[in-house]
Amino acid sequence: MSAPVPQVVFACRANGGRSVASRLLTEYYARGRVVAISAGTEPGDHVHPEVAAVLTDLGLDTSRESPKLLTTEMIATSDLAVTQGCGENCPYVPGARYRDWPLDDPKGRDRDEVRRIVADIDGRVRDLLVELVPDLELPPSLLEG
């Protein structure tokens, strides 16, 4: 019998940078062992181009990403909600597990700063996956080399 697949929702304000990077990195490393969704409390119109450029450099496709509104249902149906700068605007769901990742907002930053923020997210995602799926064999970090 296989173990249930955990679901994580990554939530930030615009759903155009941090949460998108978190979701795509989670999907890449988890290889189907974790479901990752991302959403924002005030979703914008598109993924921030500077974030899309860095993620594309790493081999991650952002072309199908579009900002979505964070709902209480997303949080209630997830095993964990990771907040990333949405503060008090993130819906509270009694009984839900929350974790806050204090991350800089990459919007409008230069490529080196965005890459630094994505590297921070990469390390946090990898640590989270080891916690959620202890037997997962992680591939090398996309930021190595």
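Residues numbered from 1 in each chain as written. Predicted model: local features only at pLDDT ≥ 70, side-chain atom pairs only at ≥ 80, totals over all residues. Heavy atoms only, no water.

Caption draft 1: Highlighting the packing of helix α1 (residues 18-30) against helix α4 (residues 111-132). Two elements in contact, α1 and α4, have axes separated by 9 Å at closest approach and are oriented at 45°. Viewed along their axes, α1 and α4 adopt a mutual orientation that is oblique. For the crossing formed where α1 meets α4, the hand is right-handed. For the pair α1 and α4, the contacting residues are Arg18, Ala21, Ser22, Leu25, Thr26, Tyr29 and Ala30 in the first and Val118, Ile121, Asp122, Val125, Arg126 and Leu129 in the second. Its residues placed into classes, the contact of α1 with α4 shows eight nonpolar, two polar and three charged. (Axes fitted to C-alpha atoms, helices over the stretch in contact; angles between N-to-C directions. Helix = DSSP H or I, 4+ residues; strand = E, 2+ residues; numbered from the N terminus. Parallel < 35°, antiparallel > 145°, perpendicular 65-115°, else oblique. Left-handed = near helix turned anticlockwise from the far one by under 90°. Contact = heavy atoms within 4.5 Å. Nonpolar A, V, L, I, M, F, W, Y, C, P; charged D, E, K, R; others polar.)

Caption draft 2: Spatial organisation of the side chain of Ser22. Assignment of secondary structure puts Ser22 in helix α1. Within the structure, Ser22 has its side chain in polar contact with the side chain of Gln84 (distance 2.8 Å). If we skip the residues at most four places from it in the chain, Ser22 touches Phe10, Gln84, Trp101, Ile121 and Val125. (Polar contact = N/O pair within 3.5 Å; in protein donor to acceptor, adjacent residues only side chain to side chain.)

Caption draft 3: Geometry of the packing of aromatic side chains. Scanning the model with the defined rule gives three aromatic pairs in all. Measuring from centroid to centroid gives 5.8 Å for Phe10 and Trp101, while their planes differ by 45°, and the two rings are tilted. In this pair, Phe10 sits in strand β1 (residues 7-12) while Trp101 sits in the loop between β4 (98-100) and α4, placing the two residues 91 residues apart along the sequence. Across the pair, Trp101 and Phe10 agree in class, each one buried. Taking the ring centre of Tyr29 as reference, the NZ or CZ of Arg126 above it sits at 4.8 Å. (Phe/Tyr/Trp six-rings, centres within 6.5 Å; stacked < 30°, edge-to-face > 60°. Buried < 20%, exposed > 50% of the residue type's maximum accessible area, 1.4 Å probe, protein only. Lys NZ or Arg CZ within 6 Å of the ring centre and 35° of its normal.)

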